[in-house]
Amino acid sequence: MFADVADVTRRFDAADHLLDTGTAAAIHLATALGRPLLLEGEPGVGKTSAAKTLAAVLDVPLVRLQCYEGLAANEALYDWNYQRQLLSIRLAEARGDQITESDLFTDEFLVERPILRCVRYRGERPPVLLIDEIDRADDEFEALLLEFLGESSVTVPELGTFAAQHPPVVVLTSNRSRDLHDALRRRCMYHWIDYPSPHRAVAIVRRTVPGAGAALIEQATTFVGRARDLDLDKPPGVAETIDWVAALAVLGVGDLVRDDAVVSLGALAKTPDDRNTIGLAFGEFTAGRAAG
């Protein structure tokens with residue numbers, strides 16, 4: 001799918017997504033070896049957007065499974081169309097026909113959920129399956145994934161095992177709110193996405209918010225980098241930095257010394273305590289710039 005690591009970087013860059021070398025290497029190896037890729041990192045560092053961009057640069061469908069507590073097999077793997085089954089039973093009774101269980105559990109009544117949809121996909125090139133925030137799902141859900149991650153197949157007891165003609169490109173993301181099982185990790189290539197360096201953060205924001213001035217972007221990324229060292233409930237990631245700079249641009253702020261920049265801090269702080277902490281730090285930061 002990619003010639004080498006440089007090819008990954010180049011094609012993502014053409015899609016306005018700047019990758020660090022480690023992430024580009026992880027994507028290249030996972031796609032070359034046909035292995036699922038587990039991306040971990042703090043919220044907002046670009047895990048989900050990397051999977052979305054991967055589908056875009058490969059020009060294949062993106063199938064997304066958003067994980068949450070209580071996620072079950074009938075929402076992720078497959079389900080049965082019970083309404084159609086009930087209707088078939090009633091029609092058979094009205095005609096005086098005999099209907100058996102095997103008549104009801106056929107491909108006609110099978111509902112494809114994201115994982116089975118990818119397994120049964122028959123396009124020329126496999127889709128990208130994004131299993132987003134796997135750490136939000138229950139431990140039991142991980143066990144449901146093992147057959148698929150290891151063999152690119154799904155077993156439906158009533159119909160048998162479906163194996164992918166072309167194994168999908170699988171990207172799992174995790175904010176590491178809980179530890180994942182070793183069995184799942186063993187089946188995946190792994191990469192931790194860290195916060196970008198100051199230089200790359202500036203490049204990312206400049207690419208994403210072209211309406212913001214260079215001085216504003218440099219000041220904002222510098223402040224966000226310092227804010228991450230504060231005692232915060234939710235340190236701001238790249239996504240929050242982009243939102244903040246976009247908000248500042250909307251307000252017409254060109255320099256963080258301006259007092260009206262304070263009203264935009266809701267783009268960075270997501271809790272009342274963080275709002276107070278970031279507000280105090282922002283006051284010190286702008287005071288230092290004004291004095292300088």
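Residues numbered from 1 in each chain as written. Predicted model: local features only at pLDDT ≥ 70, side-chain atom pairs only at ≥ 80, totals over all residues. Heavy atoms only, no water.

(A) Quick peek at the overall build of the protein. For the protein, the helix and strand inventory stands at 13 helices and 9 strands. The C-alpha radius of gyration computed for the protein amounts to 24 Å, which surpasses the reference 19 Å derived for 292 residues by more than 25%, pointing to a less compact arrangement than a globule. Long-range contacts, defined as pairs at least 24 residues apart, comprise 72% of the intrachain contacts of the protein with a sequence gap of at least 6. A total accessible area of about 14,600 Å² is found for the protein, and carbon and sulfur atoms account for 51% of it. Each charge class in the protein can be summarised by its mean position, and for the 30 positive and 44 negative side chains these summaries are 4 Å apart. (Helix = DSSP H or I, 4+ residues; strand = E, 2+ residues; numbered from the N terminus. Rg over C-alpha atoms; globule rule 2.2 N^0.38 Å. Contact = heavy atoms within 4.5 Å. Areas by Shrake-Rupley, 256 points an atom, 1.4 Å probe, with all protein chains shown as cover. Lys, Arg positive; Asp, Glu negative; His and termini not counted. Charge placed at Lys NZ, Arg CZ, Asp CG, Glu CD.)

(B) Fine view of the nonpolar core. Formed by 34 residues in total, the largest nonpolar core has its most connected members in I115, I131, I134, F141, L145 and L172. Elements supplying a minimum of two residues to this core: β2 (62–66), β3 (78–80), α7 (114–119), β5 (128–132), α8 (139–151), β6 (153–156) and β8 (169–174). Ranked by size, the runner-up nonpolar core spans 29 residues in total, among them V205, V209, A220 and I242. (Core = buried A, V, L, I, M, F, W, Y, C linked by side-chain atoms within 4.5 Å. Buried < 20%, exposed > 50% of the residue type's maximum accessible area, 1.4 Å probe, protein only.)

(C) View of the environment of F223. Position of F223 among the secondary structure elements: in helix α11 (residues 214–227). Using a relative accessible area of 2% as the deciding quantity, one classes F223 as buried. In the structure, F223 is positioned 59 residues away from F282 in sequence and 7.6 Å away in space, judged by C-alpha atoms. Every residue in contact with F223, bar those within four places of it in the chain, is listed here: W244, L268, I278, A281, F282 and F285.

(D) Quick look at the sheet that holds β2. Spatial ordering of the open sheet is given by β2-β5-β8-β1-β9, a layout of 5 strands whose pairing is parallel. Looking at the sheet topology across the chains shown, the edges are occupied by β2 and β9 (189–193). Strand-to-strand twist across the sheet, computed as the mean angle between neighbouring axes with direction ignored, equals 20°. Here β5 runs beside β8; their pairing, made up of 4 bridges, is parallel. Each bridged residue has a counterpart across the sheet, and for V128 the counterpart in β8 is V169. Packed on one face of the sheet, helix α3 (residues 47–58) meets β1 (37–41), β2, β5, β8 and β9 and runs near 170° to β5. Along the sheet, α8 contacts β2, β5 and β8; its crossing angle with β8, the most-contacted strand, is approximately 155°. (Pairing = 2+ DSSP bridges. Axes fitted to C-alpha atoms, helices over the stretch in contact; angles between N-to-C directions.)

(E) Here's a closer look at the side chain of T23. Position of T23 among the secondary structure elements: in helix α2 (residues 21–33). The class for T23 is buried, based on a relative accessible area of 2%. Among all residues touching T23, those that are not within four sequence positions of it are H191 and I193.

(F) Spatial organisation of helix α10 (residues 198–208). Of the residues making up α10, those classed as buried are R200, A201, V202, I204 and V205. On the buried face of α10, the contacting elements are α11 and α12 (238–250).

(G) Spotlight on the side chain of D79. Mapped onto the elements, D79 comes out in strand β3. When residues no more than four places from it in sequence are discounted, the contact partners of D79 are N74, F109, L110, V111 and R113.

(H) Representation of the packing of aromatic side chains within the structure. Tallying each qualifying case throughout the model produces 6 aromatic pairs. Centroid distance W80 to F105: 4.9 Å. Interplanar angle 90°. Geometry classified as edge-to-face. Of this pair, W80 sits in strand β3 while F105 sits in the loop between α6 (101–104) and β4 (110–112), and the two are 25 residues apart along the sequence. When sorted by exposure, W80 lands in the same class as F105, which is buried. Ring centres of F223 and W244 lie 5.6 Å apart, and the angle between their planes is 55°; on these two criteria the pair is classed as tilted. Of the two residues, F223 is situated in helix α11 and W244 in helix α12; the sequence distance between them amounts to 21 residues. W244 shares its class with F223; the two are buried. (Phe/Tyr/Trp six-rings, centres within 6.5 Å; stacked < 30°, edge-to-face > 60°.)

(I) Region of interest: the packing of α11 against α12. Across the interface, α11 lies against α12 with an axial gap of 10 Å and an inter-helix angle of 140°. When the interaxial angle is binned, α11 and α12 end up oblique. Our pair here, α11 against α12, has a crossing hand that is right-handed. Side by side, α11 and α12 meet where L216, I217, A220, T221, F223 and V224 of the first sit next to T241, W244, V245, L248 and A249 of the second. Residue composition of the contact of α11 with α12, grouped by class: 9 nonpolar, 2 polar and no charged. (Parallel < 35°, antiparallel > 145°, perpendicular 65-115°, else oblique. Left-handed = near helix turned anticlockwise from the far one by under 90°. Nonpolar A, V, L, I, M, F, W, Y, C, P; charged D, E, K, R; others polar.)

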